[in-house]
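Here is what each chain is made of, one letter per residue.
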Amino acid sequence: MIRTSFNDAWQTRRKVNPFAELSGPVAPFQAVTLPHDAMIGQDRVAPDGEVTMEGGAGAYFPGGVFEYRKTFSVTDELRGRRVQFEFEGVYRDATVHINGAYVGQRPYGYSQFTVDADPYLRYGEDNEIRVEARAHQDSRWYTGAGIYRPVWMLTGDLVRIVPDGIRVTTLDVEADRAVVEVATRLRNDSIAIRTLDLAVDVCDSAGNSVTGDVTKVTVLPGEDTVVRSRLYVREPSLWDVDNPHLYGCQVELSAEGDQVDGDSVRFGIRSLRLDPEQGLRLNGRTVKLRGACVHHDNGPLGAATYARAEERRVELLKDAGFNAIRMSHHPMSRAMLDACDRLGMLVVDETFDVWTSAKNGFDYSLHFPEWWERDVEAMVAKDYNHPSVIMYSIGNEIPEVGSPSGAAWGRKLAEKVRSLDSTRYITNAVNGFLAVMSELAALRGQRSEGAEDGGGINSQMTDAGDMINYVSASDLVTQRTAESFAVLDVAGMNYAEARYALDRELFPNRIILGTETFPTRIDGNWKLVREHGHVIGDFTWTGWDYLGEVGIGRPQFATPESPRPEHTAPFPHLLAGCGDLDITGHRRPASYYREIVFGLRTEPYIAVRRPENHGLTPVGGPWAWSDSIASWTWPGFEGKPVTVEVYSDAEEVELLGNGNSFGRRPVGAEHRFRTEFEVVYVPGELIAVAYRDGVETGRTSLQWANGPVRLSAEPDRPVVQATGGDLAYVTLTLTDAVGTCHTSADRPVTVEVSGAGELIGFGSAAPASEERFDTSVRRTYEGRALAVVRPTGPGKIRVLATAPDCEPVEAVITVE
């Protein structure tokens, strides 16, 4: 079918009671271009009284019902043809009406779905499509709301290739040739038997045809049929993380020489193998997954899924050392899958965060029993041709997996996925602690029994992470989760690294993936991954910071009133605070530490703890890094004590301030790749030098920002495209004359966009702020802010930025 963008000229508003508008409209519509997040533009709500997880989970944004409408015309040429609308994602509980008639719905907010439009269209005149979306107490993180992913209009003949109807499978691959099967599903909605020609052409990345086939196909009236073309690719270029080679497959359907329909897909040729000794092998080579869990929001854009926003995240995550993404906890967008294919990023795509047991009052568990199969089918249909996808996850922290009925549900889900795609592996992100929540009394009994000899659960845990690990490695969890793990190809484990070595003995055929782990424990976890063949990787929570679950990763310090960490931060906190990269894409110290642990960085890294907190006792939770940043600019703290962290894989590091040595300290794996120096803050230069066997292996430095503050504006690319979901990202930075970021001179920045673009998001990584993302003024955080501009057509985009006591700056971007 022919795909046409259907994203322009929409209008949206909060839905109002129709009876309230009997005397006229009471709420105006706002013109929008899709994708669009209706929630990110709402005023956040400070809770009354006690802080609850419900408010903090969604970053204190209000839910609601949102309606969208669009007027469009349909020519007479489409009469008698098939017309559908494809929605890549509407959050949530979407209903669709055309010209007042109900045409479809989808409760799950992350599934792609189509609706048949042709029975309801008025040809040669205006039509109206309306979409309603609802979001209310239905998630543990910020979801956004509305039509947050693109929409397409699909048109085709009565005999046609169905949407997502081309599936390419690598049947066999060797160095000199690969065998691929192209399966094309056709549909005949006419009342006649139709015989047509189906041509398949496979091209390499340069557009050269490498193989193809032409065959006759007869389709009976009112039926579907599948045409399978077995093709041979000589000397195939394989897809992998270092060289993500992609092929194109074009399929054309014709009758007596006239084209009836056509479609194309991209795919990769690669092989996957899995066993407990060599782990996961991609094209015969063992690959350890350096994984990042990510949510779906795009920071200042909210949940709006622009192709460039998704691509940029994948680019920056790969630059930070990750080679795999786990989409948490729902199916990944098409745009991000395309980016992972192009850039060489492996994907674990996930189905659901809930099955039959609710985690929120109005979540998807209310719809799961009726809709789960259709949503699994939608995910697999979307993913099938993407070589980046190596594994499906059938759930995340599902409480019922510790019960027989939950294990039975897991088997249903796993077998459903296998029936749709037998070429990939299946996991489930199991949290053993949650799986036995109702039976923790038994472990409390163990604690009491061990109290006299210093054993028991209390002595095993210094924080919540230790407690979760202790429970996850217990005999109770071993017994309760045995069947749920047995239905999987890979046992996904959340916060359960204590099971890795244990299960090698208990379940010698079990292959383990750390599907969610604490960022503070990557050194020990990665050692386990390297030492055990049956442990194939580690996915940190999280690779990219996100809206909601506010403050779970924020630094906290003990006070007499609060000696222990609090999970949820109060309003106006906005961010989780646990990402290696912040919501603007800037790398935090934890990211460089992880890169060193992975063995990907030889230079040391310096992070300085905020001197205002010196001497306080940190009590942050297991997702919290120290309150450090890469800055040596601390005005007002001259002569005051400060703690300097240095990360390195060398044997020792030396710290120098303005040429004076603070001594050498041991570092490396035996010291968790880090050390600390207690020094007095003196402005100037701080240098860390790494040594192995007395020989320098690398150095790094921090400079203080000195002199007048300047404002810079740097676009991520000089040229962007007018179509295809492209965006321009402009980083605003406060610096000194030589470009050193001035992290202690924050001030409001005003942005004006003119020419061929519009400002669609403006924000910073401030963890707590009442500022909005849809305004032209934003205060920097640690010297930085980020403006996001959408091209509106070919030409030049001019971004003018101003700030108090700074000269104005302008960035110019070409739109082609």
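Cut-offs applied
Residues numbered from 1 in each chain as written. Predicted model: local features only at pLDDT ≥ 70, side-chain atom pairs only at ≥ 80, totals over all residues. Heavy atoms only, no water. Helix = DSSP H or I, 4+ residues; strand = E, 2+ residues; numbered from the N terminus. Rg over C-alpha atoms; globule rule 2.2 N^0.38 Å. Buried < 20%, exposed > 50% of the residue type's maximum accessible area, 1.4 Å probe, protein only. Pairing = 2+ DSSP bridges. Axes fitted to C-alpha atoms, helices over the stretch in contact; angles between N-to-C directions. Left-handed = near helix turned anticlockwise from the far one by under 90°. Contact = heavy atoms within 4.5 Å. Nonpolar A, V, L, I, M, F, W, Y, C, P; charged D, E, K, R; others polar. Parallel < 35°, antiparallel > 145°, perpendicular 65-115°, else oblique. Salt bridge = Lys/Arg side-chain N within 4 Å of Asp/Glu carboxyl O. Expected span 1.5 Å × (residues − 1). Core = buried A, V, L, I, M, F, W, Y, C linked by side-chain atoms within 4.5 Å. pLDDT = per-residue confidence, 0-100. Phe/Tyr/Trp six-rings, centres within 6.5 Å; stacked < 30°, edge-to-face > 60°. Lys NZ or Arg CZ within 6 Å of the ring centre and 35° of its normal. Lys, Arg positive; Asp, Glu negative; His and termini not counted. Polar contact = N/O pair within 3.5 Å; in protein donor to acceptor, adjacent residues only side chain to side chain.

Engineer: It is not clear to me how the overall build of the protein chain should be interpreted in this structure. Could you clarify?
Structural biologist: The secondary structure content of the protein chain amounts to 13 helices and 45 strands. Relative to its length of 816 residues, the protein chain is compact, with a C-alpha radius of gyration of 28 Å against a globular reference of 28 Å. For the protein chain, the C-alpha atoms occupy an extent of roughly 85 × 65 × 60 Å along the three principal directions. For the protein chain, buried positions account for 57% of its 816 residues.

Engineer: Explanation requested: the sheet that holds strand β11 (residues 159-173) in the structure shown.
Structural biologist: Sheet strands pair by backbone hydrogen bonding; their relative direction is either parallel or antiparallel. Taken together, three strands build an open sheet; the order of strands is β11-β12-β15 and the sheet is antiparallel. Where the open sheet ends on each side, the last strands, each with one partner, are β11 and β15 (224-234). Across the sheet, the mean angle from the axis of one strand to that of its neighbour is 20°, orientation sign disregarded. Looking at chain direction, β11 and strand β12 (residues 177-188) are connected through ten bridges and run antiparallel. By the bridge assignment, D172 is partnered in β12 with V179.

Engineer: It is not clear to me how the packing of helix α4 (residues 368-383) against helix α5 (residues 404-420) should be interpreted in this structure. Could you clarify?
Structural biologist: Each pair of packed helices gets described by two things: the angle between the helix axes and the distance between those axes. It is at 10 Å that the axes of α4 and α5 come closest, and there the two elements cross at 30°. Where α4 crosses over α5, the two elements pack in a sense that is right-handed. Of the residues in α5, those in contact with F368, W372, E373, V376, E377 and V380 of α4 are W409, K412, L413, K416, V417 and L420. Of the residues that constitute the contact of α4 with α5, the class distribution is eight nonpolar, no polar and four charged.

Engineer: How do you make sense of the packing of helix α12 (residues 522-531) against helix α13 (residues 589-597) when you look at a structure like this?
Structural biologist: Remark: α12 packs on α13, axes separated minimally by 10 Å, with the N-to-C direction vectors making an angle of 25°. Put simply, α12 runs roughly parallel to α13. Regarding α12 and α13, the two cross each other, and that crossing is right-handed. In this structure, α12 uses I522, D523 and W526 to contact α13, whose residues at the interface are Y593, R594 and V597. Taken together, the residues of the contact of α12 with α13 break down into four nonpolar, no polar and two charged.

Engineer: Honestly, the pattern of salt bridges in this entry has me stumped. Any pointers?
Structural biologist: Oppositely charged side chains are able to pair whenever their charged atoms sit close together. Tallying each qualifying case throughout the model produces 64 salt bridges. The residue R772 makes a salt bridge to D774 at a minimum N-O spacing of 2.7 Å. The exposure class assigned to D774 is partly exposed, which follows from its relative accessible area of 44%. The shortest N-O distance in the salt bridge between R798 and E810 comes to 3.6 Å. Of this pair, R798 sits in strand β44 (residues 795-802) while E810 is found in strand β45 (residues 809-815), placing the two residues twelve residues apart along the sequence. R798 sits in the partly exposed class, given a relative accessible area of 37%. Salt bridges sharing partners connect three or more residues here, namely R308, E311, E315, R342, D716, R717 and D726.

Engineer: Is there a simple way to explain α5 in this structure?
Structural biologist: Because an α-helix packs 3.6 residues into every turn, residues spaced three or four apart end up facing the same way. Spanning 17 residues, α5 covers 25 Å between terminal C-alpha atoms, matching the ideal 24 Å at 1.5 Å per step. For α5, the set of buried residues is G406, A407, W409, G410, L413, A414, K416 and V417. Of the surrounding elements, those touching the buried residues of α5 are α4, β24 (389-396), β25 (425-430) and α10 (475-486).

Engineer: It is not clear to me how the nonpolar core should be interpreted in this structure. Could you clarify?
Structural biologist: The tendency in soluble globular proteins is for nonpolar side chains to be buried as a group. In terms of nonpolar packing, the biggest core is built from 114 residues, with F85 and F87 touching the most fellow members. Apart from residues lying up to four places away in sequence, F85 is in contact with F6, F72, I98, F113, T114, V115, A117, I129, W152 and M153. Grouped together as the second largest cluster of nonpolar side chains are 35 residues, W239, A324, V348 and F433 included.

Engineer: Please clarify how the confidence of the model for the protein chain should be interpreted in this entry.
Structural biologist: Per-residue confidence for the protein chain gives a mean pLDDT of 95; residues scoring 70 or more make up 96%. Every residue in residues 448-462 scores below 50 in pLDDT, and together they form 15 contacts with partners more than four places removed in sequence or on other chains.

Engineer: Help me understand the environment of V535 in this model?
Structural biologist: Following the sequence through the fold, V535 ends up in strand β28 (residues 535-540). Take V535: its relative accessible area is 0%, and that puts it in the buried class. Considering only alpha carbons, one finds V535 and D43, 492 residues apart in sequence, at a separation of 45 Å. Other than its neighbours up to four places away in sequence, V535 contacts K288, Y500, I512, L528 and V529.

Engineer: Hey, could you run me through the packing of aromatic side chains in this one?
Structural biologist: The geometry of an aromatic ring pair is captured by the separation of the ring centres together with the interplanar angle, meaning the angle of the planes. Applying the stated rule across the entire model yields 32 aromatic pairs. Pairing W355 with F368 gives two aromatic rings, centres 6.4 Å apart and planes at 15°, and the pair type is stacked. With W355 in the loop between β23 (346-350) and α4 and F368 in helix α4, the pair connects residues that are 13 residues apart, well separated along the chain. A residue is classified by how much of its surface remains accessible, and F368, at 0% relative accessible area, is buried. An aromatic cluster of three or more residues is present, and its members are Y91, Y108, Y110, Y148, F352, W355, Y364, F368, W372 and W409. The residue whose ring lies beneath R69 is F29, and the NZ or CZ to ring-centre distance is 3.7 Å.

Engineer: Would you mind showing me how to read the side chain of R149 here?
Structural biologist: Relative to the helices and strands, R149 is located in the loop between β9 (126-135) and β10 (151-156). Notably, R149 is buried but unbridged: the nearest opposite-charge side chain belongs to E310, and the N-O separation is 5.8 Å. Within the structure, R149 has its side chain in polar contact with the backbone oxygen of Y110 (distance 3.4 Å). Reaching out from R149, the side chain makes a polar contact with the backbone oxygen of P331 at a distance of 3.3 Å. Each residue touching R149, except ones within four places of it in the same chain, is listed here: P35, E88, G89, Y110, T305, H330, P331, M332 and S333.

Engineer: What am I meant to see in unusual backbone geometry here?
Structural biologist: With the exception of glycine, most residues fall at negative phi, and the peptide bonds are largely trans. In this structure, R92 follows Y91 across a cis peptide bond, with omega equal to -5°. Checked against the element boundaries, R92 lands in the loop between β5 (82-87) and β6 (94-98). With omega at -5°, the peptide bond leading from W541 into T542 counts as cis. Within the secondary structure, T542 is located in the loop between β28 and α13.

Engineer: What am I meant to see in the sheet that holds strand β18 (residues 272-275) here?
Structural biologist: The strand order across the open sheet built from three strands is β18-β19-β20, with neighbouring strands paired in antiparallel fashion. Looking at strand neighbours, the two that pair on one side only are β18 and β20 (285-286), the edges of this open sheet. Note: strand β19 (residues 279-282) against β20, two bridges, orientation antiparallel. Following the sheet pairing, L282 is matched in β20 by R285.

Engineer: Which parts of the structure should I look at to understand α4?
Structural biologist: Among the residues of α4, those classed as buried are F368, W371, W372, D375, V376, A378, M379, V380, K382 and D383. Here the buried face of α4 lies against β7 (101-106), β11, α3 (334-343), β23, β24 and α5.

Engineer: Could you clarify how one ought to interpret the environment of V487 in this entry?
Structural biologist: Position of V487 among the secondary structure elements: in the loop between α10 and β26 (490-494). The class for V487 is buried, based on a relative accessible area of 4%. Along the sequence, V487 and G89 sit 398 residues apart, while their C-alpha atoms lie 29 Å from each other. V487 has contacts with A407, G410, R411, A414 and R418, leaving out every residue within four places of it along the chain.

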